[in-house]
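# Residue-level structural notes
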Protein chains: 2
Amino acid sequence: MHSPKRILFLDLVLSIFRLNGLLIAEGDALTEKLGLTHARWKVIGAIALSNAGLTVPGVARVLGQSRQAVQRITDVMVVDGLLAYQRNPKHKRSVLITLTEEGNHVYNMLREQQDPWVMENTQEIPIEELDQTLRLIRRLINKFDK
Amino acid sequence: MHSPKRILFLDLVLSIFRLNGLLIAEGDALTEKLGLTHARWKVIGAIALSNAGLTVPGVARVLGQSRQAVQRITDVMVVDGLLAYQRNPKHKRSVLITLTEEGNHVYNMLREQQDPWVMENTQEIPIEELDQTLRLIRRLINKFDK
DNA sequence: AGTACAATGACAACATGCTGACATAGTGAA
DNA sequence: TTCACTATGTCAGCATGTTGTCATTGTACT
């Protein structure tokens, strides 16, 4: 049972855990000057990328997290003036999340940090390898996301 | 600046976050009957795989976590009778962690759950793809782990 | 329309990760 | 040997994730 594939897969699982931790640390370092954290980085990114406007459960679905976890983050970000809740014509209670002017400004500054970071960490990696890896990761996500 | 590579990389980062969350859920489901959690699964695995015996900071280094986080888990596992602290001939205060008889039993049962799980989730995936992916993940880990 | 089921907000309990701080133990160089 | 630096255990505070529960709102089917 100690097939190479088994070892390889368990190794991959542990490496995902490891990389996840390192990416969180990178995210925190990257956003520290902006008064953000990795969790807020994920949320502000999801909202900035949405055209139609997202609700709290909508962000949770995009990020694959519980709506409660997202709600806690967005509540704080609204208090901090980065996000605002807007009336949702489609739902009496479930409001839409939008970026405030300050939120937009922070997101733009975030981009200025993020873009060189991405460049730095991908320039030596062929695009085909990134693509293959992303495809396998997605395949595993689909397998587990039921 | 919206190069395909940039999009691809950010997509990969988000997918790592996503897969990490799903793997934690899988780990929790897999170990629930054994009274474990994903965090204890990682720790018990690290200790079972070590031949020479590990200290708390040793496990932390293997897993790439803070020693404080590992200490908290092992303290509980010692109380629960899965682990035991043993005198370390090389250090007066930093004890070695060993599996108790019960800990060994739980680890074996864990393997009985884990092996079919690994089989089920890898049988359709060529070993070369797993290998390529692991290599890229490792490459990123090395990049961020300074 | 009415009614069952799903989605949402709100609150709580808990697990797990991080960092910081402090005292003690170990190590290596002068 | 002595002294500076590193490693370790311990305690605390905090951020973030999970699940569970309950009341309310939306949706879809009869």
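If you're wondering where the values come from, they're calculated on a predicted model, not measured in any experiment.

Turning next to the packing of helix α1 (residues 4-31) of chain A against helix α5 (residues 101-122) of chain B. Packing of α1 of chain A against α5 of chain B brings their axes to within 10 Å, and their N-to-C directions diverge by 95 degrees. The orientation of α1 of chain A with respect to α5 of chain B, classified from their angle, is roughly perpendicular. Residues K5, R6, F9, L10 and V13 of chain A of α1 of chain A touch α5 of chain B, and the partners they reach there are R111, Q114, D115, W117, V118, N121 and T122 of chain B. Taken together, the residues of the contact of α1 of chain A with α5 of chain B sort by class into five nonpolar, three polar and four charged.

As a further point, take the interface of chain A and chain B. Taken together, the contact pairs 53 residues of chain A with 53 residues of chain B. Buried surface at the junction of chain A and chain B, both sides included, amounts to about 6000 Å², of which 70% is carbon and sulfur. Taken as a group, K5, F17 and F144 of chain A account for 12% of the area that chain A buries against chain B, more than any other trio of residues on that side. Taken together, chain A and chain B are joined by ten salt bridges. The salt bridge partner of D11 of chain B is R138 of chain A, with a shortest N-O separation of 2.7 Å. Counting across the chain A and chain B interface gives 16 residue pairs in polar contact (both at pLDDT 80 or more). Mapped onto the side of chain A that touches chain B, the elements with two or more residues apiece are α1, α2 (38-49), α5 (101-122) and α6 (127-144) of chain A.

Right, let's talk about the side chain of K143 of chain B for a bit. Topologically, K143 of chain B is positioned in helix α6 (residues 127-144). Not counting the four nearest positions on each side in its chain, K143 of chain B is found in contact with E120, N121 and E124 of chain A.

Let us look at the pattern of salt bridges. Residues and elements named next belong to chain B. All told, the structure shown has 16 salt bridges over all chains when counted by the stated rule. Of the charged contacts in the structure, one is a salt bridge between R111 and D115, with a shortest N-O distance of 3.4 Å. Residue R111 and its partner D115 are located together in helix α5, separated by four residues, close to a single helical turn. We classify R111 as buried; its relative accessible area is 17%. Among the salt bridges present, the one from D131 reaches R135, with a minimum N-O distance of 2.8 Å. Taken as a pair, D131 and R135 lie in helix α6 at a separation of four residues, close to a single helical turn. Exposure remark for D131: the relative accessible area of 27% places this residue in the partly exposed category.

Residues and elements named next belong to chain A. Pairing of strand β1 (residues 83-88) with strand β2 (residues 91-99) involves five bridges; the strand directions are antiparallel. Looking at the pairing, N88 lines up with H91 of β2. Linking β1 to β2, which pair antiparallel, is a turn of two residues.

Considering all chains together, one arrives at seven aromatic pairs over all chains under this definition. Taken together, a centroid distance of 6.3 Å and an interplanar angle of 90 degrees make the contact between W41 of chain A and F17 of chain B edge-to-face. In this pair, W41 of chain A is assigned in helix α2 and F17 of chain B in helix α1 (residues 4-31), connecting two distinct chains. Neither residue differs from the other here; W41 of chain A and F17 of chain B are each classed as buried.

Let us look at the protein's contact with DNA strand D. Of all residues adjacent to DNA strand D, which total 23 residues, the nearest are T37, R72 and K92 of chain A together with R67 and R93 of chain B. Here the atoms of DNA strand D within 4 Å of the protein split so that 59% fall in sugar or phosphate, with bases taking the remainder. A distance of 2.4 Å is found between a base nitrogen of DNA strand D and a side-chain nitrogen or oxygen belonging to R72 of chain A. Contacts to DNA strand D include R93 of chain A, whose side-chain N or O atom sits 3.2 Å from a base oxygen. When residues of the surface near DNA strand D are traced back to their parent elements, those giving at least two are α2, α4 (67-79) and β2 of chain A together with α3 (56-63), α4 (67-79) and β2 (91-99) of chain B. Considering only residue class, the surface near DNA strand D consists of six nonpolar, nine polar and eight charged.

Attention now moves to the relation of the copies chain A and chain B. Here chain A sits on chain B after a turn of 180 degrees about the axis and a move of 0.0 Å along it, with an RMSD of 0.1 Å. The relationship between the two copies is best expressed as a two-fold rotation axis. If distances are taken from each C-alpha of chain A to the rotation axis, the shortest is found for T133 of chain A, at 2.6 Å. Counting the interface residues of chain A, we find that 100% of their copies in chain B are interface residues as well, pointing to one common contact surface.

So, how was this worked out
- Residues numbered from 1 in each chain as written.
- Chains lettered and ligands numbered in written order.
- Predicted model: local features only at pLDDT ≥ 70, side-chain atom pairs only at ≥ 80, totals over all residues.
- Heavy atoms only, no water.
- Axes fitted to C-alpha atoms, helices over the stretch in contact; angles between N-to-C directions.
- Helix = DSSP H or I, 4+ residues; strand = E, 2+ residues; numbered from the N terminus.
- Parallel < 35°, antiparallel > 145°, perpendicular 65-115°, else oblique.
- Contact = heavy atoms within 4.5 Å.
- Nonpolar A, V, L, I, M, F, W, Y, C, P; charged D, E, K, R; others polar.
- Buried area = accessible area lost by both parts, 1.4 Å probe.
- Salt bridge = Lys/Arg side-chain N within 4 Å of Asp/Glu carboxyl O.
- Polar contact = N/O pair within 3.5 Å; in protein donor to acceptor, adjacent residues only side chain to side chain.
- Buried < 20%, exposed > 50% of the residue type's maximum accessible area, 1.4 Å probe, protein only.
- Pairing = 2+ DSSP bridges.
- Phe/Tyr/Trp six-rings, centres within 6.5 Å; stacked < 30°, edge-to-face > 60°.
- Near = heavy atom within 4 Å.
- Least-squares fit on C-alpha atoms with pLDDT ≥ 70 in both.

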